[in-house]
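# Results of the structural survey
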Amino acid sequence: MSNAEVAPVEIDCSARAPLPGLEILAPRDVPLGGPRAMTVRRTLPQRQRSLVGAWCFADHYGPDDVRNRPGMDVPPHPHTGLQTVSWLFAGEIEHRDSNGVHALVHPGELNLMTAGAGICHSEVSTPAAMVLHGVQLWVALPDEFRHSERRFDHYAPQPVSRGDATITVFLGELAGQRSPVSTFTPLLGAQVDLPPQSTLAIEVDTDFEHGVLLDSGSLQIAEQPVAVGELAFQGVGRESLTMVNTGESPARAIILGGTPFTEELLMWWNFVGRTHEEIVEYRQEWQERSSRFGSVVGYVGDPDWLPAPPLPTTRLTPRKPPTRKDVR
């Protein structure tokens, strides 16, 4: 998915120490491509926290009835230095990329695209999608691998029961389940479904920081309420993660985890780089339709590609986070 903001700001994605206790990150609404298009709720990145492990971008959307209104139609757009993760709760999305991949994204199936040095792709909801509902996530690539080859991975994990909860692990390892999809840094991505008035207390990797994005229902984490669309962040050093469904309806959440990403990144629009000069180069090459990104075959839409927004008039520089005491 593209960052469709017309004036994207540069984001410093450097690691920072956790605040005491649990951090609650509230989302902001971002229109995905025009006044009549669907709106997504973005919890990462933001000033308070730009990373959870290597997870550097999180959009949450739906449920949106798209039978009589525009759904998702994102023209070919570029990426560098990251991986995109598509995870649906409902609907169907057609993916095409410049590595020649044409795939359908279905609920409960992981679709992971590695941009490496450069890729472009399109995402369009199909006529079969009456309701669109899901998350779109980005993972930052470490410097050693950010110029790697383009790649696409698909995986359909099997849900497992843990007490009253149902857990579906699409990346990493949790509850004795391990995804076969390899990652460039230690990561966790999982869906948790909790019935009403139930609790899940699960062991987690103490070297990981974790974020819990609530999709539906009512949750308490570390005895703090979490609203739908919010992301609750828990720092490293914790041996367990406890989620309590306090409501009378089922709750569904996405757990994101990973070891703290210690490299400083510069994110602007759909590019992840390290310096102002890199971002400027990426943008110029995309505008010139260079071979770095390739081209998408089979997308039918107007426009047939997504031009980059103008660069700001000032130099792109990482925003330095305030110094915070490391409280675990």
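The model shown is predicted, which means the values in this text are computed figures rather than measured ones.

### Looking at the overall build of the protein chain
Within the protein chain, the regular secondary structure consists of 1 helix and 27 strands. Residues counted as buried form 55% of the 328 residues belonging to the protein chain. Look at the contacts in the protein chain between residues 6 or more apart in sequence, and 74% of them connect residues 24 or more apart.

### A look at the UniProt feature "binding site: Fe cation" (unreviewed entry) in the protein chain
UniProt feature "binding site: Fe cation" (unreviewed entry): in the numbering of this structure it lies at His 77, His 79, His 121 and Glu 123. Spatially, the listed residues are clustered: although they cover 47 residues, their C-alpha atoms lie within 13.3 Å of one another. As for its position among the elements, His 121 is in strand S11 (residues 119–125). There is a polar contact of 3.0 Å between the side chain of His 121 and the side chain of His 77. As for its placement among the helices and strands, Glu 123 is situated in strand S11.

### Remarks on helix H1 (residues 276–287)
Taking 1.5 Å per residue as the helical rise, H1 with its 12 residues ought to reach 16 Å, and the 17 Å between its terminal C-alpha atoms agrees with that figure. Three or more residues of H1 are buried, namely His 276, Glu 278, Ile 279, Tyr 282, Arg 283, Glu 285 and Trp 286. The secondary structure elements touched by the buried residues of H1 are strand S6 (73–79), S11, strand S26 (266–268) and strand S27 (271–273). Immediately downstream of H1, the backbone of Arg 289 shows phi near 55°, a positive value.

### A few points about the sheet that holds strand S12 (residues 131–140)
Strand order across the open sheet formed by 7 strands is S3-S4-S5-S12-S7-S10-S13, with antiparallel pairing between neighbours. Here the strands that pair on one side only, and so sit at the sheet edges, are strand S3 (28–31) and strand S13 (151–155). The average undirected angle you get between the axes of adjacent strands in this sheet is 20°. By the bridge criterion, 4 bridges tie strand S4 (residues 39–44) to strand S5 (residues 55–65) in an arrangement that is antiparallel. Counterpart to Val 40 in the pairing with S5 is Tyr 61.

### Let's talk about unusual backbone geometry
The omega torsion of the bond from Gly 62 to Pro 63 falls at 5°, within 30 degrees of zero and hence cis. Position of Pro 63 relative to the elements: it lies in strand S5. Cis peptide bonds are those with omega within 30 degrees of zero, and the linkage from Asp 302 to Pro 303 qualifies with 5°. Inspection of the secondary structure puts Pro 303 in the segment after H1. You will see that Glu 223, though not glycine, has its phi angle at about 65°, which is positive. Within the secondary structure, Glu 223 sits in the loop between strand S21 (219–221) and strand S22 (224–226).

### Some thoughts on the pairing of strand S25 (residues 251–258)
Burial analysis of S25 places 8 of its 8 residues in the buried class, which makes it a mostly covered element. Across the two faces of S25 the burial is the same, with Ala 251, Ala 253, Ile 255 and Gly 257 and Arg 252, Ile 254, Leu 256 and Gly 258 all buried. For strand S18 (residues 187–194) and S25, the ladder comprises 8 bridges, and the chain directions are antiparallel. Residue pairing in the sheet places Gly 189 in a bridge with Leu 256 of S25. Sheet analysis places strand S20 (residues 209–216) next to S25, joined by 7 bridges and oriented antiparallel.

Cut-offs applied
Residues numbered from 1 in each chain as written. Predicted model: local features only at pLDDT ≥ 70, side-chain atom pairs only at ≥ 80, totals over all residues. Heavy atoms only, no water. Helix = DSSP H or I, 4+ residues; strand = E, 2+ residues; numbered from the N terminus. Buried < 20%, exposed > 50% of the residue type's maximum accessible area, 1.4 Å probe, protein only. Contact = heavy atoms within 4.5 Å. UniProt positions renumbered as here; feature names shortened; annotations may be inferred. Polar contact = N/O pair within 3.5 Å; in protein donor to acceptor, adjacent residues only side chain to side chain. Expected span 1.5 Å × (residues − 1). Pairing = 2+ DSSP bridges. Axes fitted to C-alpha atoms, helices over the stretch in contact; angles between N-to-C directions.

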